[in-house]
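Below are the chains, spelled out letter by letter.
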Amino acid sequence: MTSLVPDAFCWAISDKHTNGQTTIVQVSTVFGEDPDYRTLAVVGSDQHHMIHDFELIALVEPPEPYSLRHAAA
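Residues numbered from 1 in each chain as written. Predicted model: local features only at pLDDT ≥ 70, side-chain atom pairs only at ≥ 80, totals over all residues. Heavy atoms only, no water.

J.: Explain a nonpolar patch on the surface to me, please; I cannot follow it from the model alone.
T.: A grouping of Val30, Phe31 and Tyr37 is seen on the molecular surface, where their side chains present a nonpolar patch of about 360 Å² in accessible area. Among the secondary structure elements, tyrosine 37 is positioned in the loop between strand S2 (22-28) and strand S3 (39-42). (Patch = residues over 30% accessible without salt bridge, like charges linked within 9 Å, V, L, I, M, F, W, Y side chains within 5 Å. Areas by Shrake-Rupley, 256 points an atom, 1.4 Å probe, with all protein chains shown as cover. Salt bridge = Lys/Arg side-chain N within 4 Å of Asp/Glu carboxyl O. Helix = DSSP H or I, 4+ residues; strand = E, 2+ residues; numbered from the N terminus.)

J.: Help me understand unusual backbone geometry in this model?
T.: As a rule of thumb, non-glycine residues mostly have phi less than zero, and peptide bonds are mostly trans rather than cis. Positive phi values are uncommon outside glycine, yet aspartate 7 reaches one of about 75°. Following the sequence through the fold, aspartate 7 ends up in the segment before strand S1 (9-13). Although it is not a glycine, asparagine 19 adopts a positive phi angle of roughly 50°. Mapped onto the fold, asparagine 19 is located in the loop between S1 and S2. Residue classification places asparagine 19 among the exposed residues on the basis of a relative accessible area of 67%. (Buried < 20%, exposed > 50% of the residue type's maximum accessible area, 1.4 Å probe, protein only.)

All we've got here are geometric facts, nothing functional implied.
So, in structure tokens, the structure goes:
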């Protein structure tokens, strides 16, 4: 993955931060819009990490559109 888009979600792995477990991270611009200031935020956490701390595997693909059914009241 050569270019990261702000706010994109990616599958990632880190021996240092996730003990080698796959997780989802979000490309963050909380420290600035410039690519040099982008970090990765672990989803469900307020922690931001340097991009090089993770091995990015793939972009998270949104689910296929599906119809929602309402439960009977």
